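Report on the structure
Residue strings, one per chain:
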Amino acid sequence: MRIAWPEKWRTNSLFARLLVSFLAIILLLAAFNFGSFLYLKGKIHDEIVKYNSLNMRHTMESYETHFKLAIDMLLSLNQNNELTANLNVLRQLPQTAGYEKTVNVHAEIKALMANPLMFYENIVFYFKNGDFVLEKEGTSRVEDMFGKFYRAPAYPPDYWRGQFEEPYFYRIHPAAVFSQKYMNLDQGLGRLVPVSVKNALYRDVLFLVFLDGDKMARTLHYSLDNPFFILDDRQKLIYASDPNTAAAKLPPFTEDASETKLGDHYLFQQKGKHTGFRYVTMVPIESISSELLRLNLILISLLAVTIGISVVTSILFSVRLNYPVQRLLRTVHQYNDPGASADFRIREFELIGEQIGRMHRDLSDKNSLLRYYAFTDKLKQIHTKHPDVNDPSFIQKPFTLILFQLRFLPRFMEETSLERERATYFIREYIESYVKRSHPDALTFQIDKDQILTLVFSEHGQPVADDCLAGLKEVFDYDKDWCHFTMAVSGPSLPASEFAAAYERALMLAGERQPLEETQIIRQSAVRPPYRLTAMQEQELQTKVRSGSFEPLQQWTVQQLEALRAREATVPELRRFLQHAAGLALKAVEAAGLPLQAMPAERELLADIEQCFTYAEAQTLLVRLLGQAAEAIAASSENKDPVIEFVKRYTEEHLSEDVSLDLIADKLSLSRGYVSTYFKEKTGMNFSDYLHHVRIRHAQELLLDLELRIQDIALRLGYQNVNSFIRMFKRYSGMTPGEYRKKQGGK
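Residues numbered from 1 in each chain as written. Predicted model: local features only at pLDDT ≥ 70, side-chain atom pairs only at ≥ 80, totals over all residues. Heavy atoms only, no water.

**What to know about the overall build of the protein**
Scanning the protein from terminus to terminus reveals 25 helices and 17 strands. Across the 747 residues of the protein, 44% fall into the buried class. Summarising the internal contacts of the protein: among those between residues at least 6 apart in sequence, 63% fall at separations of at least 24. Carbon and sulfur atoms make up 54% of the accessible area of the protein, which totals about 41000 Å². (Helix = DSSP H or I, 4+ residues; strand = E, 2+ residues; numbered from the N terminus. Buried < 20%, exposed > 50% of the residue type's maximum accessible area, 1.4 Å probe, protein only. Contact = heavy atoms within 4.5 Å. Areas by Shrake-Rupley, 256 points an atom, 1.4 Å probe, with all protein chains shown as cover.)

Below, the structure is given as structure tokens:
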């Protein structure tokens, strides 16, 4: 009876021919690998245990000792009666007014920092009640301490505030890169390991010590050439000698196994008895034993013999494989020549030819995806070595960049059930299909939640046709009641190496959108002087506000907005005008002796102005604000208080001097306490708050003059210390003077 062999076992099948050809090589390699395995199996394990287990234990004990000393040092502060008394005074500031106690506590911190055997970067006492800290450099607010001087994305000020609510006695936090950014200085502090201990007597005082993680690793760990990790009991990373090493891929550990094999590395781990941390290092197997040097000679000899045999066998196999490979290449070429055909004697090659056809179609579909990744890498300044992403065939091709900026209106959310993300996706798909009609190789992708980029390539650098953009504008204008579109065209065509610069220019052009309810195409920046109110216009506005009449204010607003429309003002210019007009209205309210509580808060007002994108929105906001100011002045015009008027007038006239409540009380021949109580009762704010508020409002006007330095403005307004001026400006306006000047169109 004839045996029916499976098709893959037939003599003309690729499987059978490859099997016979590789059997000799497989047997030789199996013998080589088997002999090597027998020799290396015991040696490698013994050497790993001998040279690394003891060192790992020593590292664990050194770290545990150091962590325990740091925690014990913080705990011992509870036993210092003098320090405890000082902390009790400081935790009740400003009621106790015991500011002199900071000197004693600061001296105690200096003494603790003087220990040369510890790796202290800083010791911090955090007082919850006053929301301030005391550290080696002095005292500061928590926002400044952890937002400027010891700044880390993982540890914002709110993180430390939340530690008071956490149920623990002490905690060692994961290491993070800290930096100091203040007054245009950005200085790295390295990777620090924060340790927090709660005060046993006062739950509103938190002790913090920042340990220098890298110095500890260099001193306590025997070799930083091998990756080193510290993990807590939940496998969370506390410290890694190489931040780029993925500690999350480490396998779970047990108490019994002190070493684990992972790929071509051995993992050595020890668990600390005091902290419960797990200390892990990765050691390459090839670097373990010097005994491998002798073995390498044997391996090289065996490898040379194996290579010789493999080369001879490979040559014979290549000759036998040459014919079907050539036929396979013809199959590849047939997709460039539809009339070509291929006939294989081996069935497997025929199947491969069919697969190549499908792969060819898939590759053409994925080509645009590769281009998207390439330009995304350029934009994000990611340097990749992948040859497909860096294909010069399209990376160096000239292009024109079109940025589509989307702004969905409240009506869109109210009248449609479509999510913004879904709507943005549909808009991107439409833009892509529309542009490809005239530019088939164009690339369209979403770069942000409200931004879509289109790259139109051109061999000779021709600009994008106006008909293409005009057609899109006509379609988008149908939906202007739901969404405002801005098309910023960065041209002329540039090489792809300047993609990031072109994107920045497109962003700048998009920022010059005019406050109109229509789709806008912006090709170039308009150069014109900034629009500002003249002194006569400012006086006219304040006069109309003080008159208390609503209709003249509305007419004035319409006139100014029409003037802005006539000069084709941009949205940022419109917002600067609104801020200036609002400031004049607030000054009129102040000059009338009214409390500013009658007007919207400054931050709330700035937020409303930032939401103005059209003239209609600006008119609604400004008319409402001016109407509130006029109404408040009209309601209080009949009962002005002479004492309050004198205080405000004297303050305005002597801003550059050392104005104090004692001096004003002396001018009025009244007691300081009476004037303070009377002013608070009539205006709703303390005199000091009023003084700073007036100074900061004047500072905002002076900052518009770019020729004035911030130091000169501080002196002109009575601040002898520029840091005090910066701190007060940020407290009352929510940003630093430099940030405010930049936002108003300065440098």
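**A word on helix 2 (residues 81–90)**
Every buried residue belonging to helix 2 is among Leu-83, Thr-84, Asn-86, Leu-87 and Leu-90, and all of these are buried. One side of helix 2 holds all its buried residues, which, seen down the axis, span an arc of 165 degrees. The exposed set on the far side of helix 2, more than 90 degrees from its buried face, consists of Asn-81 and Glu-82. Those residues of helix 2 that are buried lie in contact with helix 3 (101–113), strand 1 (120–127), strand 2 (132–135) and strand 7 (205–212). (Arc of directions from axis to C-beta.)

**Quick word on the pattern of salt bridges**
What the rule picks out here adds up to 21 salt bridges. Between Arg-575 and Glu-610 there is a salt bridge, and its shortest N-O distance comes to 3.5 Å. Residue Arg-575 is found in helix 16 (residues 571–591), and its partner Glu-610 is found in helix 17 (residues 602–610); the two are separated by 35 residues along the sequence. The exposure class of Arg-575 is buried, given its relative accessible area of 14%. (Salt bridge = Lys/Arg side-chain N within 4 Å of Asp/Glu carboxyl O.)

**Digging into the pairing of strand 10 (residues 259–262)**
For a regular strand, side chains alternate in direction, first toward one face of the sheet and then toward the other. Examined bridge by bridge, strand 10 and strand 11 (residues 265–271) share four bridges and lie antiparallel to one another. Following the sheet pairing, Glu-259 is matched in strand 11 by Phe-268. Linking two consecutive strands that pair antiparallel, namely strand 10 and strand 11, is a turn of two residues; a positive phi of about 65 degrees is found at Gly-263 within it. (Pairing = 2+ DSSP bridges.)

**A look at the nonpolar core**
Soluble, globular proteins show a tendency: their nonpolar side chains are buried together. Counting residues in each nonpolar core, the largest one holds 46 residues, and the members touching the most others are Tyr-63, Phe-67, Tyr-120, Ile-123, Phe-125, Leu-211 and Tyr-279. Element by element, the count of residues in this core is highest for helix 1 (residues 14–76), at eight residues. Those residues in contact with Phe-125 that sit more than four places away from it in its chain are Leu-77, Leu-83, Leu-87, Val-105, Ile-109, Phe-132, Val-133, Leu-134, Leu-206 and Phe-207. Within the second largest apolar cluster, 32 residues are counted, among which are Val-647, Ala-665, Val-694 and Tyr-740. (Core = buried A, V, L, I, M, F, W, Y, C linked by side-chain atoms within 4.5 Å.)

**A short note on the packing of aromatic side chains**
Applying the stated criterion across every chain yields a total of 27 aromatic pairs. Members of the aromatic cluster, connected to one another through ring pairs, are Phe-146, Tyr-150, Tyr-155, Tyr-159, Trp-160, Phe-178 and Phe-210. In this structure, Arg-575 packs its charged tip against the face of Phe-613, placed 4.6 Å from the ring centre. It is Arg-695 that lies over the ring of Tyr-719; its NZ or CZ is 5.3 Å from the centre. (Phe/Tyr/Trp six-rings, centres within 6.5 Å; stacked < 30°, edge-to-face > 60°. Lys NZ or Arg CZ within 6 Å of the ring centre and 35° of its normal.)

Read these as spatial facts, not as claims about activity.
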